[in-house]
Each structure stands twice: as C-alpha cells, then as structure tokens.
Amino acid sequence: MAVGWSRDGAVQEQIDATVEAEIELARKRLPAGDSLTHCEECDVAIPEARRKAMPGVRYCVACQSEVEKNQKAAALYNRRGSKDSQLK
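Residues numbered from 1 in each chain as written. Predicted model: local features only at pLDDT ≥ 70, side-chain atom pairs only at ≥ 80, totals over all residues. Heavy atoms only, no water.

Undergrad: Is there a simple way to think about the overall build of the protein in this case?
TA: Regarding its fold elements, the protein presents four helices and zero strands. With 88 residues in all, the protein has 12% of them scored as buried. Relative to all contacts within the protein whose residues are 6 or more apart in sequence, the contacts with residues 24 or more apart total 32%. (Helix = DSSP H or I, 4+ residues; strand = E, 2+ residues; numbered from the N terminus. Buried < 20%, exposed > 50% of the residue type's maximum accessible area, 1.4 Å probe, protein only. Contact = heavy atoms within 4.5 Å.)

In structure tokens:
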C-alpha cells in the first residue's frame, strides 16, 4: 500500500537501501592488514595482546575510543534527509 505520492514498495526499498548502506559502512570500518606496533595518532606503543586480539589495529585504546566517538556523532546526522518527507 502506497502512502501519499509514493509507489507500492517504495518504503521497503528505502529501508533496504538504508540497511545495505549501514552494512557497507560497517565493513569499511573493520580493521584490515597488519597491526601497527605504535598508535597512528599519538605514537604510543600498542600492546601485543591488543594486536593479536584485533588484527589490523591502528590506534591505541584511548585514540580508538576517540575515533569511535567521532564516528558515532557523525552517524547521528541523517545526510539523506527525512525519509518520511521524501515519500509524501
């Protein structure tokens, strides 16, 4: 059932596109390659246990927390605009 000016299935297509975009973003954020021995940001030594636990790690725990906090803040902003307003 369409709402307003949207065609049948438009809402589900937007939901699917949003989910696929988030999955792709999560995959891009996964560490890849060899772990660094020192933090890319502050040059503090990264413990071997962390490097073994998270292959491809590039930051110390403190810097990684800051990076994730900034990513979360950016994720709260919907760059696509309101999906409800686009459907009507």
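Continuing now.
Undergrad: Could you clarify how one ought to interpret the pattern of salt bridges in this entry?
TA: As a working rule, side chains carrying opposite charge can pair if their charged atoms are close by. Scanning the entire structure with this criterion turns up three salt bridges. With a shortest N-O distance of 3.0 Å, Arg-58 and Glu-40 are connected by a salt bridge. Within this pair, whereas Arg-58 is found in the loop between helix 2 (48-53) and helix 3 (61-75), its partner Glu-40 is found in the loop between helix 1 (10-29) and helix 2, the two being separated by 18 residues in sequence. Residue classification places Arg-58 among the partly exposed positions, given a relative accessible area of 32%. (Salt bridge = Lys/Arg side-chain N within 4 Å of Asp/Glu carboxyl O.)

Undergrad: Help me understand the environment of Leu-36 in this model?
TA: Following the sequence through the fold, Leu-36 ends up in the loop between helix 1 and helix 2. For the pair Leu-36 and Glu-48, spaced twelve residues apart in sequence, the C-alpha separation works out to 9.8 Å. Sequence-distant contacts of Leu-36, defined by excluding residues within four places in its chain, comprise Ile-46, Arg-51, Val-57 and Arg-58.

Undergrad: Sorry, what's going on with unusual backbone geometry here?
TA: Glycine aside, negative phi is the norm for most residues, and most peptide bonds take the trans geometry. The phi dihedral of Asp-43 is positive, around 65°, even though this residue is not glycine. Counting through the fold element by element, Asp-43 comes out in the loop between helix 1 and helix 2.

Undergrad: Can you help me understand the state of the cysteines in this one?
TA: Here, disulfide denotes a covalent bond that connects the sulfur atoms of two cysteines. With the rule as written, the count across this model stands at zero disulfides. Residue Cys-39 stays outside any disulfide, its sulfur separated by 3.6 Å from that of Cys-63, the closest cysteine. Cys-60 supplies the cysteine sulfur nearest to Cys-63, a cysteine that is in no disulfide, at a spacing of 3.6 Å. Residue classification places Cys-63 among the buried residues on the basis of a relative accessible area of 14%. (Disulfide = S-S within 2.5 Å.)

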